[in-house]
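Inside the fold
These are the residues of each chain, in order.
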Amino acid sequence: MDDLFEIDQTQRLRREEAAARLRALADSLERHNSVTFEREGRRITVDVPDEVELTVEVEIGEESELEIELRW
């Protein structure tokens, strides 16, 4: 059984819109201990444990990047 559900989506947003999405994700983690994603009519809720590994990577160059990753 293939239970892989992957979302790899890139969108161009205003900085404030990106911050609002990150804030909504953080609020969902804090209030519900889960996050919900929808793609192509399919919805999945991911339960997140009380402890996670947080990785923050910053790359500065011609194209700069800030990557935030939660792993458990």
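Going by the structure above, here's the rest.
I will try to describe carefully the structure that is included in this document. These numbers come from a predicted model, not from an experiment.

1. Description of the layout of surface pockets
- Roughly 2000 Å³ of internal volume is contained in the largest pocket.
- Lining of the largest pocket is provided by 37 residues; of these, Q9, L22, L25, F37 and I68 occupy positions nearest its centre.
- Per-element accounting of the lining of the largest pocket gives the leading share, 10 residues, to helix α1 (residues 15-32).
- Residues that form the lining of the largest pocket fall into these classes: 20 nonpolar, six polar and 11 charged.

2. Examining the environment of F37
- Checked against the element boundaries, F37 lands in strand β1 (residues 34-39).
- For F37, a relative accessible area of 34% puts it in the partly exposed group.
- On a C-alpha basis, the gap between F37 and E6 in space is 9.9 Å, while along the polypeptide they are 31 residues apart.

Calculation notes
- Residues numbered from 1 in each chain as written.
- Predicted model: local features only at pLDDT ≥ 70, side-chain atom pairs only at ≥ 80, totals over all residues.
- Heavy atoms only, no water.
- 1 Å grid on protein atoms, 1.4 Å probe; cavity = no way out; pocket = protein on both sides within 12 Å on 5 of 7 lines; lining within 4 Å.
- Points joined across faces, edges and corners; volume = space filled by probe spheres on them.
- Helix = DSSP H or I, 4+ residues; strand = E, 2+ residues; numbered from the N terminus.
- Nonpolar A, V, L, I, M, F, W, Y, C, P; charged D, E, K, R; others polar.
- Buried < 20%, exposed > 50% of the residue type's maximum accessible area, 1.4 Å probe, protein only.

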